[in-house]
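Geometric and topological summary
As a plain string of letters, each chain reads:
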Amino acid sequence: MKSPPVNPVLDAIPANLTVELDARKAALARAGRKLYDFGLGDPKEPTPPFLREALRAAVPEVSQYPSAAGTPALRRAVAGYLSRRFGVAVDPERQVVPATGAKESIFHLPLAFAGDPRRRKVVLPDPGYPTYEVGARFAGLEPVKVPLAAEGRFLLEPGALPASLLDETLLFWISYPHNPTGAVAPRDYLERVGRAALRHGFVVASDECYADVWFDAPPLSMLQVQVENVLAIHSCSKRSGMTGYRSGFLAGDRDVIASLRALRGHPGVASAEFVAPAATAAWSDDAHAAGRREIFRAKRDRFLAFFRAHGLHADASEATLYLWVRVPAGETSGGYALRLLEEGIVVAPGTAFGAGEGHVRVALVPTLEECDAAVEAWSRVRT
């Protein structure tokens, strides 16, 4: 019997996490070991009650197909959020597209623009969210991974790249606050990116899903610098504890949004109609996001104090719910992650995000009480 055809892109995509780490984690769980899982960014804090109530009240008697354009109320709520949070005015009818979470929209985004043989490059940060690369490859485009460094504040500088590359670039991914490092971007950096986009003709895809998880000053949106040639991506997942609801949005340049709207009806990507009222409520309220931020702050402070006391260091880690922790001298990311796992502590090796050797990512998703217990367990690991 012949083997079925396989898309070669599947073989080109690296695994998200170390295979050995996953296998050992599963074995420990089967053995009944207590695990403190800081691997996947899926917080355990309950979804705020008013959002759950909004969803329950909206479940219809008859289930029907949702609109890919989303409900008018949801688009207006998004526009209201952008105005309150960033001082940015957008037309909810022409500059906003709801999405089933950030991951789906990031994956599909290149498909709306691929086709110009002169623009085949997708510039993306390394380390970075793996779906940037995956979406580019499935769209038949060429990902160009640009190494980021702590010395450069983990900023993907367009001025450090050849002009010839930027002339061939279709999408230029930026991610601030940055996953996995938690770095934030200053205004002058965003201005440099914006000028480069206009000069070279590429679209800036700005992943801003962690814009409301910050600990010093509120991070900026790329839309505060310019809207032309810019697309911002936001999500209810971390801001509002709605990871399982799968709801987010894309907003920006009306011509870019028009292309996205034309695309999105074809794969049928649209949140369920009963999710829209919950998302509308989430984008209309800022108090719950502030409350969740304080919970993440308490967890972060607990770990940073522990790291200082035990000779560990977290680079950046200024926002998001992630800590980008240097492994002890002489260790590898995978090796240190496996040693932590022996004490029941699950972290993501930095290599899961590309050029992250020398670090592990700690996602502050367990409860504060579990974080305290994990710190005790971590203290038993030689550093």
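1. Some thoughts on a nonpolar patch on the surface
Side chains of Val6, Leu10 and Phe138 sit close together on the surface and give an oily, nonpolar patch of about 270 Å² of accessible area. Residue placement: Phe138 occurs in helix H6 (residues 131-138).

2. Re helix H8 (residues 187-200)
Between its first and last C-alpha atoms H8 spans 20 Å; for 14 residues at 1.5 Å apiece the expected length is 20 Å, and the two agree. Restricting attention to buried positions, one finds in H8 the residues Tyr189, Leu190, Val193, Gly194, Ala196, Ala197 and His200. All buried residues of H8 project into a common sector of 160° when viewed along the axis, lining one side. On its buried side, H8 packs onto helix H7 (163-167), strand S5 (169-175) and strand S6 (203-207). Just downstream of H8 lies Gly201, where phi reads positive at about 85°.

3. Quick word on the pairing of S6
In terms of residue burial, S6 counts as a mostly covered element, since 5 of its 5 residues are buried. Burial along S6 is two-sided: the face carrying Val203, Ala205 and Asp207 and the face carrying Val204 and Ser206 are both buried. The pairing of S5 with S6 spans 5 bridges and is parallel. If you follow Trp173 over to S6, its bridge partner there is Ala205.

4. A few points about the sheet that holds strand S3 (residues 121-126)
What the 7 strands build is an open sheet, ordered S2-S8-S7-S6-S5-S3-S4; its pairing is mixed. Single-partner strands in this sheet number two, and they are strand S2 (96-99) and strand S4 (142-147). Averaged over all neighbouring strand pairs, the angle between strand axes comes to 20°, with direction disregarded. On top of the sheet, helix H10 (residues 254-264) reaches S2, S6, strand S7 (230-235) and strand S8 (248-252); it is set at about 40° to S2, its chief contact.

5. Some words on the nonpolar core
Counting 56 residues, the largest nonpolar core has Leu82, Leu156, Phe172, Ile174, Tyr189 and Trp283 as its most contacted members. Those residues in contact with Ile174 that sit more than four places away from it in its chain are Tyr189, Leu190, Val193, Val204, Ala205, Ser206, Asp207 and Met222. In this structure, Ile106, Val122, Val213 and Val365 belong to the second largest nonpolar core, which totals 34 residues.

6. Describing the state of the cysteines
Here a disulfide denotes one covalent bond, and it connects the sulfur atoms of two cysteines. Evaluation of the coordinates by the stated rule reveals 0 disulfides. Note on Cys209: no disulfide assigned, nearest cysteine sulfur contributed by Cys236 at a separation of 9.8 Å. The class for Cys209 is buried, based on a relative accessible area of 11%.

7. Observations regarding the pairing of S8
With respect to burial, S8 is a largely interior element, 5 of its 5 residues being buried. Residues Gly248, Leu250 and Gly252 line one face of S8 and the alternating positions Phe249 and Ala251 line the opposite face, and both faces are buried. Where S7 and S8 come together, 5 bridges link them in antiparallel fashion. Bridge pairing links Ser235 to Gly248 in S8.

Parameters at a glance
Residues numbered from 1 in each chain as written. Predicted model: local features only at pLDDT ≥ 70, side-chain atom pairs only at ≥ 80, totals over all residues. Heavy atoms only, no water. Patch = residues over 30% accessible without salt bridge, like charges linked within 9 Å, V, L, I, M, F, W, Y side chains within 5 Å. Areas by Shrake-Rupley, 256 points an atom, 1.4 Å probe, with all protein chains shown as cover. Salt bridge = Lys/Arg side-chain N within 4 Å of Asp/Glu carboxyl O. Helix = DSSP H or I, 4+ residues; strand = E, 2+ residues; numbered from the N terminus. Expected span 1.5 Å × (residues − 1). Buried < 20%, exposed > 50% of the residue type's maximum accessible area, 1.4 Å probe, protein only. Arc of directions from axis to C-beta. Contact = heavy atoms within 4.5 Å. Pairing = 2+ DSSP bridges. Axes fitted to C-alpha atoms, helices over the stretch in contact; angles between N-to-C directions. Core = buried A, V, L, I, M, F, W, Y, C linked by side-chain atoms within 4.5 Å. Disulfide = S-S within 2.5 Å.

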